[in-house]
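# Topology and contacts: notes
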Amino acid sequence: MMQAVSSGFQRIAASPLMRDICIAISLSALSIFGRILTNQFHMPNIQPSTAIIMIASITLGMRYGIAVAVATALGSNIALGHGPWTMWQICAWGSVAIAVSFLKPVYKKLPIYVLVGCAALTGYLYGFIVSSPVWAAGPQAFWLYYQAGLLFDTFHAVGNAAFMGMLAPILLRAVHKVKL
């Protein structure tokens, strides 16, 4: 009986689905912890979460990237504070996951600077989406609000690029090792 149970657990643990779920959970935990940790340094919008979400999406696929995005927003905002912005963070990081998932078939052939450049661009995509609720006040109000936040979006873009440059070589290699 025990051997049958043990064999069943080994089969589940060896399945590609469970392996990918475990990788996504690990990346989610790293993203949540990284966002909470970097928040302690009071550097606006400079955190590793977007880069980690991108790595999840290009290595595991769009579904896992979105899952890491949702987990990041909900998990980190437990410590940092929930509010109406949480749903917009989920939408923004989910959009990043969707956008970069198109790189999945070719990312192994891309030089790191392409991933770094994409990471920088996602800082502006994220900022645009998070700012979009202001559109309800009218287009003029939205553009004024968006322009006022461009400096913070630039911080986010620079932080994304820096974290992608630092984390991609490590995390991509780690994910590939586990997926073998």
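Residues numbered from 1 in each chain as written. Predicted model: local features only at pLDDT ≥ 70, side-chain atom pairs only at ≥ 80, totals over all residues. Heavy atoms only, no water.

Looking at an unreviewed UniProt entry, one finds the protein chain named ECF transporter S component, with Paenibacillus arenosi as its source organism.

Mapping Ile23 onto the fold places it in helix 2 (residues 16-39). Placed 27 residues apart in sequence, Ile23 and Thr50 show a C-alpha to C-alpha distance of 16 Å. When sequence neighbours within four positions are dropped, the list of residues in contact with Ile23 reads Leu60, Val175, Val178 and Lys179. (Helix = DSSP H or I, 4+ residues; strand = E, 2+ residues; numbered from the N terminus. Contact = heavy atoms within 4.5 Å.)

Under the definition given, this model contains one salt bridge. Residues Arg19 and Asp20 are paired through a salt bridge, measuring 3.3 Å at the closest nitrogen-oxygen approach. (Salt bridge = Lys/Arg side-chain N within 4 Å of Asp/Glu carboxyl O.)

Take the UniProt feature "transmembrane region" (unreviewed entry) in the protein chain next. As annotated by UniProt and renumbered to match this structure, "transmembrane region" (unreviewed entry) occupies residues 17-38, 50-74, 86-103, 110-135 and 155-175. Strand forms 0% of residues 50-74 and helix 96%; the C-alpha atoms that close the span are 14 Å apart. Taken as a whole, residues 86-103 contains 89% helix and 0% strand, while its terminal C-alpha atoms sit 26 Å from one another. (UniProt positions renumbered as here; feature names shortened; annotations may be inferred.)

For the rest of this paragraph, the subject is the nonpolar core. Grouped together as the largest cluster of nonpolar side chains are 34 residues, with contacts concentrated most on Leu27, Ile55, Ile58, Met164 and Leu172. Taken together, the elements giving at least two residues each to this core come down to helix 2, helix 3 (49-60), helix 4 (62-80), helix 5 (85-101), helix 6 (112-131) and helix 8 (150-179). Among the elements that take part in this core, helix 3 stands out by supplying eight residues, more than any other. In contact with Ile58, not counting residues within four places along its chain, are Val100, Leu103, Lys104, Tyr107, Leu115 and Leu172. (Core = buried A, V, L, I, M, F, W, Y, C linked by side-chain atoms within 4.5 Å. Buried < 20%, exposed > 50% of the residue type's maximum accessible area, 1.4 Å probe, protein only.)

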